[in-house]
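Notes for the structure review
If you want the building blocks of each chain, they are given just below.
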Amino acid sequence: MAILETVVFAFWVMLPAYVPNNAAVLAGGGRPIDGGRTWNGKRILGDGKTWRGTAVGTAIGAALALALNAIAGDVGNALGVDLPTFPYSVVVALPFGAMLGDITASFLKRRTGRERGAAFPGVDQLDFVVVSLLLAFLVAPEWFLETFTLAVIAVIVIITPVLHVGTNVIAYRLGFKDEPW
């Protein structure tokens, strides 16, 4: 697979994981997952991690995966890239894993004394990738190993921070986020 094809392929297979956290922000508010509880005097997660955001983010990511399944052949033919479809278990695993990764990062931020919205380089950009890939592997190991080659994973690790920072800056400038990271 040529480099451009690998980039297109990697972006395609990660779209259901890229979208959920942004969709959760748009869902806005709701009851915090941690219910306001603390651990060692610090919030477990914080007000930014809500049941509504998690559900909406997961649902939108799953709907996107189903839509991608419907158009994979036509888009792949138009681009000249053999694009995969997502097994139903992965339709849910990728977006839910993205949400769970972000929740895990929030937990780690609270444990390390970072406030909500504080930068946590590396973790902020790749938390959702690691957990979404782990869940996809657990629910569909054969599909995962065929789809996520070392080249595809390398592209994901390189392009994700760029996309993450870019979309956060845009969201910040549009007033959807309080900080640009």
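To be clear, the structure that these remarks concern was listed above.
Attention in this report is confined to the structure presented alongside it.

The rules we used
Residues numbered from 1 in each chain as written. Predicted model: local features only at pLDDT ≥ 70, side-chain atom pairs only at ≥ 80, totals over all residues. Heavy atoms only, no water. 1 Å grid on protein atoms, 1.4 Å probe; cavity = no way out; pocket = protein on both sides within 12 Å on 5 of 7 lines; lining within 4 Å. Points joined across faces, edges and corners; volume = space filled by probe spheres on them. Helix = DSSP H or I, 4+ residues; strand = E, 2+ residues; numbered from the N terminus. Nonpolar A, V, L, I, M, F, W, Y, C, P; charged D, E, K, R; others polar. Salt bridge = Lys/Arg side-chain N within 4 Å of Asp/Glu carboxyl O. Core = buried A, V, L, I, M, F, W, Y, C linked by side-chain atoms within 4.5 Å. Buried < 20%, exposed > 50% of the residue type's maximum accessible area, 1.4 Å probe, protein only. Contact = heavy atoms within 4.5 Å. Phe/Tyr/Trp six-rings, centres within 6.5 Å; stacked < 30°, edge-to-face > 60°.

In this section: the layout of surface pockets. Here the largest pocket is characterised by a volume of approximately 1000 Å³. As for the largest pocket, its lining consists of 42 residues, of which Asn-21, Val-25, Lys-49, Asp-102 and Lys-177 are closest to the centre. Where the lining of the largest pocket is concerned, the elements lending two or more residues are helix H1 (3-18), helix H2 (20-27), helix H3 (51-79), helix H4 (88-111), helix H5 (123-139) and helix H7 (150-173). Looking at the lining of the largest pocket, the element that brings in the most residues is H4, giving seven residues. Split by residue class, the lining of the largest pocket holds 15 nonpolar, 16 polar and 11 charged.

Here the focus is unusual backbone geometry. Even without being a glycine, Asn-40 presents a positive backbone phi close to 55 degrees. By secondary structure assignment, the location of Asn-40 is in the loop between strand E1 (38-39) and strand E2 (42-43).

Bringing the pattern of salt bridges into the picture now. Tallied over the entire structure, the rule returns three salt bridges. Residue Asp-34 is joined to Arg-43 by a salt bridge in which the shortest nitrogen-to-oxygen separation is 2.7 Å. Between Asp-47 and Arg-43 there is a salt bridge, with the nearest N and O atoms lying 3.0 Å from each other. One network of salt bridges, in which partners are shared, links Asp-34, Arg-43 and Asp-47.

In a soluble, globular protein the nonpolar side chains are often hidden away together inside. Core analysis: the largest hydrophobic core is formed by 31 residues, its most contacted members being Val-13, Met-14, Phe-86, Phe-148 and Ile-156. Counting only elements with at least two residues in this core, the list comes to H1, H3, H4, H5, helix H6 (141-147) and H7. The biggest single contributor to this core is H1, with eight residues. Excluding its chain neighbours within four sequence positions, the residues that come into contact with Phe-148 are Val-13, Met-14, Leu-133, Trp-143, Ile-153 and Ile-156.

Turning our attention to the packing of aromatic side chains. Any pair of aromatic rings gets described here by the distance separating the centres and the angle formed by the planes. A full pass over the atoms with the stated rule returns seven aromatic pairs. Where Phe-11 meets Tyr-18, the ring centres are 5.9 Å apart and the plane angle is 40 degrees; that geometry is what we call tilted. For the ring pair Phe-86 and Trp-143, a centre distance of 5.9 Å and an interplane angle of 50 degrees mean the geometry is tilted. Taken together, the positions of Phe-86 in the loop between H3 and H4 and Trp-143 in helix H6 put the pair 57 residues apart, joining distant regions of the chain. Taken as a pair, Phe-86 and Trp-143 share a single burial class, namely buried. Connected via pairs of aromatic rings, a cluster forms that spans Phe-86, Phe-137, Trp-143, Phe-144 and Phe-148.

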